[in-house]
Amino acid sequence: MKYEILPWLILFLPLLAATVITLFTLRSKTTSSLISIGAIVTGFVLTLAFISANGFHPAVTETSTNWLTIGDLHVDFGLKLDALSLMMLLIVTGVGGAIHIYSFGYMHEDKGMARFFAFLR
């Protein structure tokens, strides 16, 4: 599978953007909104790159990593990458990007715009 790190980046980009907005840029409406829009649009572009490199039927359909180990208990965190989940990833990031871009214009004069984009993730 090519670019196997991309699904993990797509998954955690919104969390990273929400964290950065909440901790560092709540005072700046424009910076907060651009970080939020940038994260979701980057996720859409990375989804397109992953699908174009692997198609809708990648060679490896499941990927996981160890999330928590306590004694004999091993909890894994993984992703399933079949055709349906890749199509949904494409739709969610595409529509989410459109919603974020529309919200930038709609919320332009609102005082709570930075907080809105932190919560929109």
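Bear in mind that the values here come from a model prediction, so they are computed numbers and not experimental data. (Residues numbered from 1 in each chain as written. Predicted model: local features only at pLDDT ≥ 70, side-chain atom pairs only at ≥ 80, totals over all residues. Heavy atoms only, no water.)

### Focus on the overall build of the protein
Right, on to step 1. A tally of regular secondary structure across the protein gives 4 helices and 2 strands.
Right, on to step 2. In the protein, the order of α-helices and β-strands from amino to carboxyl end is α-α-β-β-α-α.
Right, on to step 3. Expressed along its principal axes, the backbone C-alpha trace of the protein runs to roughly 50 × 40 × 20 Å.
Right, on to step 4. Summarising the internal contacts of the protein: among those between residues at least 6 apart in sequence, 67% fall at separations of at least 24.
Right, on to step 5. With an accessible surface of roughly 7700 Å², the protein has 68% of that area assigned to carbon and sulfur atoms.
Right, on to step 6. Across the protein, 7 positive and 7 negative side-chain charges occur, with their mean positions spaced 16 Å apart. (Helix = DSSP H or I, 4+ residues; strand = E, 2+ residues; numbered from the N terminus. Contact = heavy atoms within 4.5 Å. Areas by Shrake-Rupley, 256 points an atom, 1.4 Å probe, with all protein chains shown as cover. Lys, Arg positive; Asp, Glu negative; His and termini not counted. Charge placed at Lys NZ, Arg CZ, Asp CG, Glu CD.)

### Side note on a nonpolar patch on the surface
Right, on to step 1. Judged by side-chain polarity, Leu 11, Phe 12, Leu 15, Trp 67, Leu 68, Ile 70, Leu 73 and Phe 77 come together as a nonpolar surface patch covering roughly 790 Å² of accessible area.
Right, on to step 2. Listing elements by their share of the nonpolar patch, those giving two or more residues are α1 (6–24), β1 (62–70) and β2 (73–80).
Right, on to step 3. Of note, Trp 67 is situated in strand β1. (Patch = residues over 30% accessible without salt bridge, like charges linked within 9 Å, V, L, I, M, F, W, Y side chains within 5 Å. Salt bridge = Lys/Arg side-chain N within 4 Å of Asp/Glu carboxyl O.)

### Observations regarding the environment of Val 60
Right, on to step 1. In this structure, Val 60 sits in the loop between α2 (29–54) and β1.
Right, on to step 2. With a relative accessible area of 36%, Val 60 lands in the partly exposed category.
Right, on to step 3. A C-alpha to C-alpha distance of 15 Å links Val 60 and Leu 84, two positions 24 residues apart in sequence. (Buried < 20%, exposed > 50% of the residue type's maximum accessible area, 1.4 Å probe, protein only.)

### Structural notes on the side chain of Thr 93
Right, on to step 1. Along the chain, the position of Thr 93 falls in helix α3 (residues 83–106).
Right, on to step 2. There is a polar contact of 3.3 Å between the side chain of Thr 93 and the backbone oxygen of Leu 90.
Right, on to step 3. Thr 93 has contacts with Ile 10, Ile 40, Gly 43, Phe 44 and Thr 47, leaving out every residue within four places of it along the chain. (Polar contact = N/O pair within 3.5 Å; in protein donor to acceptor, adjacent residues only side chain to side chain.)

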